[in-house]
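# Descriptive analysis of the structure
Each chain, letter by letter, is given below.
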Amino acid sequence: MALVSWWAVLSSGCAPVLLIGGSTTAAVLQGPGYNPVSQTISVLAAGSGYWVLTVTLLALGTCYLATALGLRAAAPAGRLALAGGGLSAMLLAGFPAPKSGGSFSHGSVVAVGFSLLALWPVLAADRRAGAPWGLRPVPSLMGSALMVLGAAWFLVELQLHGAAGVAERVLTIAQSLWPIVVVVSCLRHPART
């Protein structure tokens, strides 16, 4: 049996394209009043980019779910966390950020999604000898650690009213790219006998 299915290859490759393309399109629709350096992606859901961002989140979540389902080489706990991150992205479409102020439900879904997507690499690790590179313990731990640091940076920027938009984009792009790293390492790995 293959370590990764064809649909996981496709879905893992589509996730960052959808994330970047969808959020960029929503920002363009939002107009010059939107500041991508200081404002988060969620702000786009409160304006004229609502439908674009909603479709983007639903498609992104579907990509994470498909990747989790087709990434057979990953440990079940990691696949479950990746799927949970996908469900969180989809659920986030139902809890958009308000035009002003905060939202407990939106913030909670974001926190759960970011946490699951940051932890899935270490939970998916394969500690057996000869595992694909992206599933080995050290790279998996490093991937999770970098995502946790990215989330901490994002929280600091939110509190300081600084470059929260930049921090969030770095974090979400990293989280969307890690599945590709794992999938490619599985594709390049010789099949177990």
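Quick note: structure is the one above.
As a starting point, this report considers the structure included with it. Predicted model only: the values in this text are computed from it and were never measured. Every chain is numbered on its own, with residues counted from 1 as its sequence reads. For this predicted model, a pLDDT threshold of at least 70 governs which residues receive local features, and a threshold of 80 or more governs which side-chain atom pairs are given and counted, while totals over whole chains, interfaces and linings are taken from all residues. Calculation of side-chain values draws on the structure's entire complement of heavy atoms; hydrogens and water are dropped beforehand.

Turning our eyes to something else, we now look at helix α5 (residues 137–160). For the α-helix, the turn length of 3.6 residues means that residues three or four positions removed from each other point alike. Runs of E in the DSSP output that reach at least two residues are strands. Runs of H or I that reach at least four are helices, and both are numbered from the N terminus. To estimate how far a helix should extend, the number of its residues minus one is multiplied by 1.5 Å. With 24 residues, α5 should cover 34 Å at 1.5 Å per step; its first-to-last C-alpha distance of 34 Å lies within 8% of that length. For α5, the full list of buried residues reads Pro139, Ser140, Gly143, Ser144, Met147, Gly150, Ala151, Phe154 and Glu157. Contacts made by the buried residues of α5 are with α4 (104–123) and α6 (164–188). Just downstream of α5 lies histidine 161, where phi reads positive at about 55 degrees. A simple rule labels every residue: compare its accessible area, found with a 1.4 Å probe on the protein chains alone, to the largest value its type can have, and call it buried under 20%, exposed over 50%, or partly exposed in between. Only heavy atoms enter the contact rule, under which two residues are in contact if any of them lie within 4.5 Å.

As a further point, take a nonpolar patch on the surface. Patch construction takes residues with relative accessible area above 30% that form no salt bridge. Like charges are linked within 9 Å, and nonpolar side chains (Val, Leu, Ile, Met, Phe, Trp, Tyr) are linked within 5 Å. Using a 1.4 Å probe, accessible areas were evaluated by the Shrake-Rupley method; residue-level cover was limited to the displayed protein chains. The working definition used for a salt bridge is a side-chain nitrogen of Lys or Arg within 4 Å of a carboxyl oxygen of Asp or Glu. A cluster of nonpolar side chains, namely Trp6, Trp7, Leu10 and Leu69, defines an oily patch on the protein surface of about 480 Å² accessible area. For the nonpolar patch, the element with the most residues is helix α1 (residues 6–30), which contributes 3 residues. Mapped onto the secondary structure, leucine 10 falls in helix α1.

Here the focus is the pattern of salt bridges. Scanning all chains against the criterion turns up 1 salt bridge. A salt bridge links arginine 128 to aspartate 126, with the shortest nitrogen-to-oxygen separation between them at 3.0 Å. According to the relative accessible area criterion, arginine 128 is exposed, its value standing at 54%. For aspartate 126, a relative accessible area of 6% corresponds to the buried category.

Counting 43 residues, the largest nonpolar core has Leu44, Leu71, Trp120, Leu135, Val182 and Cys186 as the members making the most contacts within it. Mapped by element, the contributors of at least two residues to this core are α1, α2 (50–70), α3 (76–92), α4, α5 and α6. Considering every element that reaches this core, the biggest residue donor is α6, with 7 residues. The contacts of cysteine 186, once residues within four sequence positions are left out, are Leu3, Val4, Leu71, Ala73, Pro132 and Leu135. We define a nonpolar core as any set of buried Ala, Val, Leu, Ile, Met, Phe, Trp, Tyr and Cys residues linked to one another through side-chain atoms lying within 4.5 Å.

Moving on, we come to the side chain of serine 12. Along the chain, serine 12 turns up in helix α1. Within polar-contact distance, the side chain of serine 12 engages the backbone oxygen of valine 9 at 3.1 Å. Apart from residues no more than four positions distant in its own chain, serine 12 is found in contact with Thr67, Ser176, Pro179, Ile180 and Val183. In the analysis that follows, any N or O atom pair within 3.5 Å is treated as a polar contact, provided that within protein one partner can donate a hydrogen and the other can accept it, and provided that, for residues neighboring in sequence, both atoms belong to side chains.

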